[in-house]
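Summary of the model geometry
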Amino acid sequence: MRARLERIMARYGQSVILTRRETGASLAVRAFVQPVRRQREDLPVAATPLGAVSRQRWLYIGPPEPAPAPGDRLALDGLRLAAQEVQAVRWRDQVLYCRCVLRREKEAAD
């Protein structure tokens, strides 16, 4: 199952540059990054084809290696984000993918 997910990410994922907080090393990764959907009454939001989305929080789904760590920076399409919460998603004894909540870099707390 992991190999299938990795093929999907390699083919359809976005190009993301992951920069490690501790070392400053940059790595190229193929992953999915999209704004987090929010309720219409939560502000600030923007209307998109996905519905109301947050302009502050983003969701990252990518390969388990290299996985972002809290505080790492991610860049794609001129957007600069910082990892806040990172979780490995498992199936049985295998890590399938990494799920991460991101914030715009200027709003991220170190």
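Not measured: the values here are computed from a predicted model.

A few words now on the pairing of strand β5 (residues 73-76). Residues Leu 74 and Leu 76 point to one face of β5 and are all buried, whereas Arg 73 and Ala 75, pointing to the other face, are not buried. Two elements, strand β1 (residues 14-19) and β5, share 3 bridges in a ladder whose sense is antiparallel. Counted as the bridge partner of Leu 18 is Leu 74 from β5. Taken together, the 4 bridges between β5 and strand β6 (residues 79-91) define a ladder with antiparallel strand orientation. Note on β6: the bridge partner recorded for Leu 76 is Leu 79. Linkage of β5 to β6, two consecutive antiparallel strands, is achieved through a turn of 2 residues, within which Asp 77 is found at a positive phi near 45 degrees.

Moving on, we come to the side chain of Arg 103. For Arg 103, the location among the structural elements is in strand β7 (residues 94-104). A polar contact is formed between the side chain of Arg 103 and the side chain of Gln 84, at a distance of 3.4 Å. Sequence-distant contacts of Arg 103, that is, excluding residues within four places in its chain, are made with Gln 56, Arg 57, Arg 80, Leu 81, Ala 82 and Gln 84.

Quick notes on the rules
Throughout this description, residue numbers start from 1 for each chain and increase along the sequence as written. Residues qualify for local features only when their pLDDT is at least 70, as the model is predicted, and side-chain atom pairs are given and counted only at 80 or more; totals for whole chains, interfaces and linings, by contrast, use all residues. Only hydrogens and water are set aside; all other atoms, that is, all heavy atoms of the structure, feed into the side-chain values. Buried means the residue's accessible area, taken with a 1.4 Å probe over protein chains only, is under 20% of the maximum for its type, while exposed means over 50%, and partly exposed covers the values in between. We count a stretch as a helix when DSSP gives it H or I for four or more residues in a row; a strand needs E for two or more, and each element gets its number in order from the N terminus. Here, any two strands with at least 2 DSSP bridges between them count as paired. Definition of a polar contact: a pair of N or O atoms within 3.5 Å, with one able to donate and the other able to accept a hydrogen when the atoms are protein atoms, and with sequence-neighbouring residues admitted only if both atoms are side-chain atoms. Contact criterion: two residues are considered in contact whenever any of their non-hydrogen atoms come within 4.5 Å of each other.

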